[in-house]
Amino acid sequence: MGQKLNVVGQGIIRFDADEKVTGKARFVADMYPPKMLYGVAKRSPYAHARIKRIDTSRAEALPGVRAVLTYKNVPRTRFGEVGVVDCPVLPERVRFVGDEVAAVAADTEEIGRRAADLIEVEYEELPLAVTAEAALAPGAPLIAPPETSPTNLLAGPLRTMSKEIGSVAAGFKEADHVFEETYHTAAIPHMPLEPRACLAQWDNGKLTVWTTTQKPFPDRLNLAKVLGLPETKVRVIAPYLGGGFGGKSGGRRAMLAALLAKATGRPVSLRFSKEEDMLARTRPETSTRIKVGLTRDGHFTAIEGDITAYGGGYNWVLSTTGEEGVYCLFRSRNYRYNVRTVYTNQPPGGQFRGVLNGPIMCGLCRLSDRIAEELGFASPLDFARQNHVRGGDDSGYETLGRKRPISGCHIEECIERGAKAIGWAEKWRGWQQPVAVDGPKRIGLGFSPLVHVSGMMVTASAAVVHLNEDGTAYLFTPVTEMGQGTITTQAQVLAEASGIPVTDIQVVFADTESTPVDSSGQVASSTATVRSQATKMAGEDVKKQLLERAAAELDVAAKELDITHGRIYLKGRKEPVSTIKTIMAKISAGLVPITGRGATSYSTWPQVAFNYGAHFALVEVDTETGKVRVLKYVAAHDIGQSLNPVIVDGQIYGGAVMGLSIALSEGLIFDDKGRPRNLSSADYRLFSAEDTPEVIPIQVESGDPMTPYGAKGQGEAALVGTAPCLANAIYNAIGIRFNEIPLTPEKVFKALRAQGR
Amino acid sequence: MPQEITLKINGQSYPVSVAPDETLLDVLRDKLGLTGTKKGCDAGDCCACTVLIDGACVPSCLTLAVSVRGREITTIEGLAEGEKLHPLQQAFIDHGTVQCGFCIPGTLLTAKALLDENPHPTEPEVRHYLNGNICRCTGYTKIVEAVLDAAATMGKR
């Protein structure tokens with residue numbers, strides 16, 4: 001795409017593929033240091049209760065039990081993430097079914113679980129609130145710690161906010177049409193294949209934890225605070241994660257493992273069961289209200305998105321993501337985004353792939369489909385083409401007092417190529433005209449546009465490169481590797497920027513003792529943009545030093561030289577004049593070692609980059625059973641420049657299928673006592689190989705004027721288009737619009753029967 | 001009451017002391033250092049723990065260690081022949097199939113059992129056979145593609 005790239009844009013084999021196919025790759029639970037003990041947590045069966053009495057004597061007496069922790073013998077400190085400090089190390093008052101009340105270290109996991117059962121807890125049940133409405137009602141029980149929040153509405157930045165651009169009241173007033181709908185999305189646990197785990201080990205007053213985290217630095221900060229240590233005495237390492245999807249960070253497990261390890265003087269490995277893992281974190285249940293105003297010919301005068309997030313008993317939520325869905329997909333004269341994070345007696349709400357933009361897209365892009373039909377557009381594609389933003393439009397984001405324009409929007413090409421891949425022209429017969437009907441089976445076609453972030457204002461990072469004497473290099477980067485191929489793509493960026501061969505690069509990642517500080521962690525699809533920029537800067541820094549060294553050796557000006565694939569060339573000449581290895585071999589003669597450094601914050605960048613997309617679905621609805629089968633799914637994304645097309649495709653496949661599974665099959669179900677009723681991987685059903693249709697990923701590489709090599713992130717974007725796209729396809733098949741997810745067979749069946757069908 | 005048994009794993013003999021209710025999965029990981037087999041759900045729902053017992057794929061979390069004495073157990077560590085990868089492993093590398101890698105050992109062994117039983121499966125047959133191997137990362141497309149490619153490669157030998 002214009003630029004000449006040597007390594008970025010190549011589908012090179014991932015660095016970690018070999019060890020993962022041979023079973024050699026080590027995850028946290030694969031580490032068994034000598035004298036290791038197993039940590040097991042005891043959990044509350046009540047959604048809201050005070051611990052009246054807790055007796056650990058029978059547990060302590062069990063042979064093989066080495067330590068037991070309760071609120072009585074742990075630091076009385078609270079910790080949390082991003083400005084909300086609401087989590088005591090162990091509570092006296094539990095706030096959700098599954099809340100930890102005690103922890104045990106034992107010789108085997110089995111002894112640990114038996115010991116946990118032997119801990120006697122007398123609870124005083126408290127009134128509870130399992131919905132946001134109940135939690136906000138007058139007289140509702142206070143779930144939050146009073147010091148954190150005087151009411152269940154959690155105020156403060158990134159949790160509860162209202163931001164308006166222009167005036168939506170004026171926009172609704174001048175509108176010819178006003179539409180308003182409310183959508184409900186269920187609580188979704190991340191369900192990585194690898195449950196959360198943490199191994200803690202002390203050595204001479206210094207703590208090391210290997211933990212399933214996407215945020216080693218925030219976790220270190222919390223550990224240091226609770227343990228009363230300087231950060232230099234706490235080392236957090238995130239090895240390969242078996243999936244994360246936004247959910248792996250924070251929580252108590254590192255604290256408990258560290259304190260058990262301290263109490264016993266031995267390493268402690270705390271591994272969650274699948275059920276514990278399902279209770280650790282969710283994309284919060286939401287009520288999402290979308291209200292829009294339009295002119296007669298279908299241009300937006302106002303777009304309002306209003307989300308109430310059922311935040312759970314503890315808050316690990318970043319709520320402001322979702323703004324981009326409101327401000328940055330469709331052009332409007334006025335916008336408003338309101339988000340309310342409400343404490344509820346449910347598992348903790350937190351970050352999740354797509355965050356609250358998932359519910360926003362679900363609502364806005366189902367509503368826009370309905371609007372397109374009612375205002376007489378021939379197809380939803382026409383409506384999207386008329387109304388999408390353009391590059392240069394105001395993004396609604398502002399930092400340092402400056403407005404930031406949208407760096408580019410290539411959704412038209414996504415729509416065009418995606419429509420071709422699904423066969424839109426041949427299949428679209430009009431609104432509520434199914435593609436085909438075969439007895440009870442009706443085939444529908446659906447479309448959704450989408451937008452998602454590729455970095456956020458809070459994302460900042462750094463990278464360091466060391467060159468070795470043999471010309472190989474270390475890249476020290478805080479990225480975590482949870483499956484998205486970050487260590488490979490960052491090596492590609494370094495190779496591109498520096499000229500070091502990618503096969504000569506060893507990536508050291510996610511280790512607070514050696515990799516630079518990154519307080520935001522692996523969130524917001526920011527690696528392709530923010531971390532790549534830090535890596536690129538470090539690579540350019542190294543290249544500059546190498547060229548200066550070569551120039552001195554060869555007696556030419558540095559600006560006449562270039563490096564690719566490890567070889568140093570005079571520009572314009574074909575034969576290399578030296579190599580990196582040759583230059584570095586001379587270091588031992590007393591020359592200055594070569595290290596490179598890069599650091600950046602997205603908040604200083606002049607524009608804002610987004611991943612735009614167009615999704616298309618062909619579904620079959622069986623009107624006898626309510627079962628929706630996805631036959632074919634196309635996901636086209638405005639990726640800018642693919643760092644590694646095979647890895648990017650992988651994110652499109654994976655994000656889309658995770659989204660399909662969520663839209664049709666997933667969601668925690670709570671009873672009126674706040675107990676989840678489908679808490680097992682048998683009852684909580686993820687899409688399997690047979691559920692999954694043909695998925696066609698399309699990468700639209702139209703570059704970007706601001707980002708490194710024009711790359712944008714793809715980690716989350718494919719997920720947020722699925723819920724609206726499927727609902728729109730179901731509407732085409734059976735003429736029913738749904739305002740919720742998941743759209744299980746039961747729900748579709750009931751809706752059909754309610755219509756007498 | 002612990003029992004002294006010998007397990008035959010990847011062609012080697014492992015004497016080990018086990019409780020009668022210990023699963024093969026826990027014995028492999030916690031006692032024998034064979035951590036390639038993963039614990040995902042410990043309840044037979046995700047198939048991350050799949051091993052081969054006399055060539056048939058089995059969830060090791062639902063298998064008692066004492067019940068497989070004398071049987072030929074194959075774990076992911078035994079799929080390659082020394083440094084030489086099995087065509088399935090090579091295909092998973094070449095097709096960009098691997099993401100987080102946690103489901104991969106179980107998926108590879110299940111796929112091996114499939115191809116040993118049915119050397120030329122169709123795509124629906126591959127999806128059906130692998131239907132128990134849950135993956136949250138890949139969306140399955142590249143898994144299926146790699147298995148079909150490995151079948152073709154193996155067919156040519």
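Refer to the structure presented above.
Residues numbered from 1 in each chain as written. Chains lettered and ligands numbered in written order. Predicted model: local features only at pLDDT ≥ 70, side-chain atom pairs only at ≥ 80, totals over all residues. Heavy atoms only, no water.

### Let's talk about the side chain of Lys42(A)
Residue and element names in this part refer to chain A. Operational definition: Secondary structure elements are defined from DSSP: runs of H or I of at least 4 residues count as helices, runs of E of at least 2 residues count as strands, and each element is numbered from the N terminus. For every residue, the accessible area obtained with a 1.4 Å probe (protein chains only) is divided by the maximum for its type, and the residue is called buried under 20%, exposed over 50%, and partly exposed between those limits. Positive residues here are Lys and Arg, negative ones are Asp and Glu, while His and the chain termini are left out of the count. The term salt bridge refers to a side-chain nitrogen of Lys or Arg lying within 4 Å of a carboxyl oxygen of Asp or Glu. Whenever two N or O atoms come within 3.5 Å, that pair is a polar contact, provided that in protein one can donate a hydrogen and the other can accept it, and provided that, for residues adjacent in sequence, both atoms are side-chain atoms. The contact criterion used throughout is that any non-hydrogen atoms of two residues lie within 4.5 Å.
Turning to its location among the elements, Lys-42 is positioned in strand S1 (residues 37-43). We note that Lys-42 is buried and unpaired, the nearest opposite charge coming from Asp-117 at a distance of 4.9 Å. One polar contact links the side chain of Lys-42 to the main-chain carbonyl oxygen of Ala-116, over a distance of 3.0 Å. Here the side chain of Lys-42 touches Ile-119 through a polar contact of 3.4 Å, landing on its backbone oxygen. Contact partners of Lys-42, with chain neighbours within four places excluded, come to Asp-99, Glu-100, Val-101, Ala-102, Ala-116, Asp-117, Ile-119 and Val-121.

### Some words on empty space enclosed by the protein
Residues and elements named next belong to chain A. Definition in use: Think of a 1 Å grid over the protein atoms and nothing else: a 1.4 Å probe that fits but is trapped marks a cavity, an open set flanked by protein within 12 Å on at least five of seven lines marks a pocket, and residues with an atom within 4 Å of a point count as lining. Grid points are joined across faces, edges and corners, and a volume is the space filled by probe spheres set on the points. Side-chain classes are defined by residue name, with Ala, Val, Leu, Ile, Met, Phe, Trp, Tyr, Cys and Pro counting as nonpolar, Asp, Glu, Lys and Arg as charged, and the others, Gly among them, as polar.
Applying the stated rule across the entire model yields 13 cavities of 30 Å³ or more. Broken down by secondary-structure element, the contributors of at least two residues to the lining of the largest cavity are helix H14 (486-498), helix H15 (527-554) and helix H17 (645-665). Looking at the lining of the largest cavity element by element, the count peaks at three residues for H17. Looking at side-chain class alone, the lining of the largest cavity contains 16 nonpolar, 21 polar and three charged residues.

### Regarding unusual backbone geometry
In this model, Ile741(A) is joined to Pro742(A) through a cis peptide bond whose omega is 0 degrees. Note on placement: Pro742(A) falls in the loop between strand S36 (740-741) and helix H20 (745-754). One non-glycine residue, Asn204(A), adopts positive backbone phi at about 60 degrees. Positionally, Asn204(A) belongs in the loop between strand S12 (197-203) and strand S13 (206-211). Overall, the relative accessible area of 76% leaves Asn204(A) in the exposed class. Although it is not a glycine, Asn10(B) sits at a positive phi angle of roughly 50 degrees. Note on placement: Asn10(B) falls in the loop between strand S1 (3-9) and strand S2 (12-18).

### A few points about the interface of chain B and chain A
By a widely used convention, the size of an interface equals the accessible area lost when the partners come together. Put simply, the rule is: Here the quantity called buried area is the accessible surface, traced with a 1.4 Å probe, that two parts lose on coming together, added over both.
With 42 residues of chain B at the contact, the number on the chain A side is 50 residues. In this assembly, chain B packs against chain A so that about 3600 Å² is buried in total across both faces, 57% of it on carbon and sulfur atoms. Remark: the boundary between chain B and chain A carries three salt bridges. Among the ionic pairs, Lys38(B) bridges to Asp30(A), the shortest N-O distance being 2.6 Å. Counting every contact that joins chain B to chain A gives 22 residue pairs in polar contact (both at pLDDT 80 or more). Contributing elements (two or more residues each) for the side of chain B that touches chain A: helix H1 (24-31), helix H2 (87-94), helix H3 (104-117), helix H4 (123-129) and helix H5 (141-156) of chain B. Class assignment for the residues of the side of chain B that touches chain A results in 19 nonpolar, 13 polar and 10 charged.

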